[in-house]
Amino acid sequence: MSTTAPVQGDATKSASAPRPRKIPRVVVLGGGTVGLYSARRLHKRLGKREAAIVVVDPRPYMTYAPFLPETAAGSIDPRNVVAPHRRALKGIDVLQGHVTEIRHADRTVQVQPEEGDPYWITYDHLIVGLGSVARTLPIPGLAEEAIGFKNVEEAVAVRNHVLNRIDVAASTWDPELRRRMLTFTFVGGGFAGIEAMAELEDMARAAVKYYTSIEQSDMRWVLVEGSTRILPEVSEELGGYTLEQLRKRNIEVHLSTFLSSCEGGHVVLSNKTEFDSDTIVWTAGVKANPVLKNSDLPLDKMGRVVCLPTLQVAQEDGTVVADAWAAGDCAAVPDLINPGKFCPPNAQHALREGNHIGDNLARVLRSAEPTEYKHKNLGAVASLGMYKGVAQLFGRVKLRGFPAWVMHRGYHVMAMPTFNRKVRIASGWIGAALFRREVVALGSLHDPRAEFRAASVPPKVKPEQAAVAPESATDVATSPDATTKPGQPVQKDASSWDR
């Protein structure tokens, strides 16, 4: 790809002697919601004749995060909650790799591909949409025992793990071991944690119906939240309703409580509660991508890129940093609807901010003035399992149960990029309604070579066999169709290992 040829060597040198370009190059860091929508909008406004657009991301697709809970519950096929970059970004160059350093003063970015040495690329305009990562704490055992819920790989892994624990527990007679396997712990009571837990608990209850050795009451679901309430994104009334519904489903909710330790799967909470759990899911907030600290862009105390309402990067005194734009979870975007606050890090704002950057950069490239981003929150919707949910629309309309669940699905399927994915998701929902969702674990997907490695290990010889004289313990394969090499022992029959 001529527009994305790597620039090897020092960034300063590449900036001092850039290759002449007939059209400006726009590099978009991150192929998530902000990156994908800003690149698409800019390409739509300008086309290839006015701008060469390059998107850099370690994954070859964008993940629509609001659908991760339903992916974990098996209501949506994992392939349908991602938008492949090569398909969604037609006419736009894509580089797959991690951004490791940003030198905006030199207009260069360092990219680390999955294989090979890092390289530098140059640009004329920069869009930063690197998103966020899980915000973790130095809790003993957390890194070793817990799993996040930020991407589709983690959602699928949690689903397979939960179903696997149910499968294994069904054939385990040790009561303590069974109790540990059937205890599922979620840390974080925001949208991500509540939706993930509610969807998975609903799926697990549906799965247990097929097991004669496991009762619904054998499962223990525990939610740990550090604040005094759950779902702070909605009103206290809907938050209280959600709490009531979770407790009706026998889900333990520990408010004003923190995870103190989880070493070896032994969970210790700040309220002195202790128990063993094979499943610990961490959904306690996010933080801006830490790679931003390895840049010369102005950051706030939370590590986010400082922005103006126009989504232009700016110094703390308001001075615009030329040719740099940012939005999404990694940017501190002023909320003009709520003065003094910043736009919350959710898909609703990220999608619109991405489109707004595309429009503003197109204006600037055509010598026009950028406009300020201003969006009134349409509301919040959350799924609590099949046919259950809560919704708060325009700050006034409050829905519960089935109507809220319909609103949740309708809103997000319309926001999902590409018509192809909208149809596939809707078709999957119809299929699940007619034939029920699948509740089978495919845990081997996470290590598909495990069985092959085990088969490749030579069988161990028992001590009593090793003591047998070589001439009686070994037969040399001499027949043309023998599967062993000459001189290798031949197993006579399966029962020989029992002697």
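What counts and what doesn't
Residues numbered from 1 in each chain as written. Predicted model: local features only at pLDDT ≥ 70, side-chain atom pairs only at ≥ 80, totals over all residues. Heavy atoms only, no water. Helix = DSSP H or I, 4+ residues; strand = E, 2+ residues; numbered from the N terminus. Buried < 20%, exposed > 50% of the residue type's maximum accessible area, 1.4 Å probe, protein only. Areas by Shrake-Rupley, 256 points an atom, 1.4 Å probe, with all protein chains shown as cover. Patch = residues over 30% accessible without salt bridge, like charges linked within 9 Å, V, L, I, M, F, W, Y side chains within 5 Å. Salt bridge = Lys/Arg side-chain N within 4 Å of Asp/Glu carboxyl O. Core = buried A, V, L, I, M, F, W, Y, C linked by side-chain atoms within 4.5 Å. Contact = heavy atoms within 4.5 Å. 1 Å grid on protein atoms, 1.4 Å probe; cavity = no way out; pocket = protein on both sides within 12 Å on 5 of 7 lines; lining within 4 Å. Points joined across faces, edges and corners; volume = space filled by probe spheres on them. Nonpolar A, V, L, I, M, F, W, Y, C, P; charged D, E, K, R; others polar. Pairing = 2+ DSSP bridges. Axes fitted to C-alpha atoms, helices over the stretch in contact; angles between N-to-C directions. Left-handed = near helix turned anticlockwise from the far one by under 90°.

1. A word on the overall build of the protein chain
The helix and strand inventory of the protein chain stands at 15 helices and 25 strands. Counting the 499 residues in the protein chain, one finds 47% classified as buried. On the protein chain, roughly 25000 Å² of surface is accessible, and the fraction owed to carbon and sulfur atoms is 55%.

2. A word on unusual backbone geometry
Although it is not a glycine, Lys272 sits at a positive phi angle of roughly 80 degrees. Mapped onto the secondary structure, Lys272 falls in the loop between strand S15 (266-269) and strand S16 (274-276). Given the relative accessible area of 71%, Lys272 is considered exposed. The phi torsion at Thr418 lies on the positive side, around 75 degrees, for a residue other than glycine. Looking at the element boundaries, Thr418 is found in the loop between helix H11 (402-415) and helix H12 (419-435). Given the relative accessible area of 22%, Thr418 is considered partly exposed.

3. Some details on a nonpolar patch on the surface
On the surface, Tyr387, Phe402 and Val406 cluster together into a nonpolar patch covering about 290 Å² of accessible area. Tracing the backbone shows Tyr387 in the loop between strand S23 (379-383) and strand S24 (389-393). Classification of Tyr387 as partly exposed rests on a relative accessible area of 45%.

4. Focus: the nonpolar core
Membership of the largest hydrophobic core comes to 113 residues, with the highest contact counts inside it found for Ile102, Ile166 and Trp221. Setting aside its immediate chain neighbours within four residues, Ile166 contacts Leu182, Phe184, Ala204, Val208, Tyr211, Ile214 and Met219. Judged by nonpolar contacts, the second largest core, of 13 residues, contains Val224, Cys262, Val267 and Phe275.

5. A word on empty space enclosed by the protein
For the structure on display, the rule yields one cavity of 30 Å³ or more. In this structure, the largest cavity occupies an estimated 50 Å³ of space. Lining the largest cavity, in full, are Gly328, Asp329, Ala331, Val333, Cys343, Pro344, Pro345, Asn346, His349, Ala350 and Glu353. A total of three residues in the lining of the largest cavity trace back to one element, the largest contributor, which is helix H10 (residues 347-365). Class assignment of the residues belonging to the lining of the largest cavity gives a composition of six nonpolar, three polar and two charged.

6. Quick word on the sheet that holds S15
Within the open sheet, the three strands sit side by side as S14-S15-S16. Their pairing is antiparallel. The open sheet terminates on both sides in strands that have one partner only, identified here as strand S14 (259-261) and S16. Recorded for the sheet is a direction-independent mean angle of 35 degrees between the axes of neighbouring strands. As judged from the three bridges shared by S15 and S16, these two strands associate in the antiparallel manner. Within S16, the residue paired with His266 across the bridge is Asp276.

7. Remarks on the packing of helix H6 (residues 152-169) against helix H8 (residues 191-208)
At their nearest, the axes of H6 and H8 sit 11 Å apart, and the two run at 35 degrees to each other. In this structure, H6 meets H8 at a crossing whose hand is right-handed. Of the residues in H8, those touching H6 at Val158, Arg159, Val162, Leu163 and Ile166 are Leu200, Met203, Ala204, Ala207 and Val208.

8. Re the pattern of salt bridges
For the structure shown, the criterion picks out 21 salt bridges. Here Glu101 ties to Arg103 by a salt bridge, and the two come within 2.9 Å at their closest N and O atoms. Overall, the relative accessible area of 19% leaves Glu101 in the buried class. One salt bridge connects Arg220 with Glu252, and the closest N-O pair in it is separated by 2.6 Å.

9. Some words on the pairing of S23
Within S23, four of the five residues are buried, which leaves it mostly tucked inside the rest of the structure. As paired strands, S23 and S24 are joined by five bridges and run antiparallel to one another. Residue pairing across strands places Gly379 opposite Leu393, the latter belonging to S24. In sequence, S23 turns back onto S24 through a hairpin of five residues, with Gly385 there showing a positive phi of about 115 degrees.

10. Examining the environment of Gly354
Examined against the element boundaries, Gly354 turns out to sit in helix H10. Residue Gly354 is classed as buried on the basis of its relative accessible area, which comes to 0%. Linking Gly354 and Thr33, residues 321 residues apart in sequence, is a C-alpha distance of 7.1 Å. When sequence neighbours within four positions are dropped, the list of residues in contact with Gly354 reads Val34, Tyr37 and Ser38.

11. Structural notes on the environment of Cys330
Position of Cys330 relative to the elements: it lies in the loop between strand S21 (320-326) and strand S22 (331-332). Of the residues examined, Cys330 reaches a relative accessible area of 0% and is grouped as buried. Considered as a pair, Cys330 and Ala288 are 42 residues apart in the sequence and their alpha carbons are 4.5 Å apart.

12. Details of the packing of helix H2 (residues 33-46) against H10
Across the interface, H2 lies against H10 with an axial gap of 7 Å and an inter-helix angle of 35 degrees. Between H2 and H10 lies a crossing whose hand is right-handed. The segment H2 lies against H10, with Thr33, Val34, Tyr37, Ser38, Arg41, Leu42, Arg45 and Leu46 engaging Ala350, Leu351, Gly354, Asn355, Ile357, Gly358, Asp359, Leu361, Ala362 and Leu365. For the contact of H2 with H10, the class distribution of residues is ten nonpolar, five polar and three charged.

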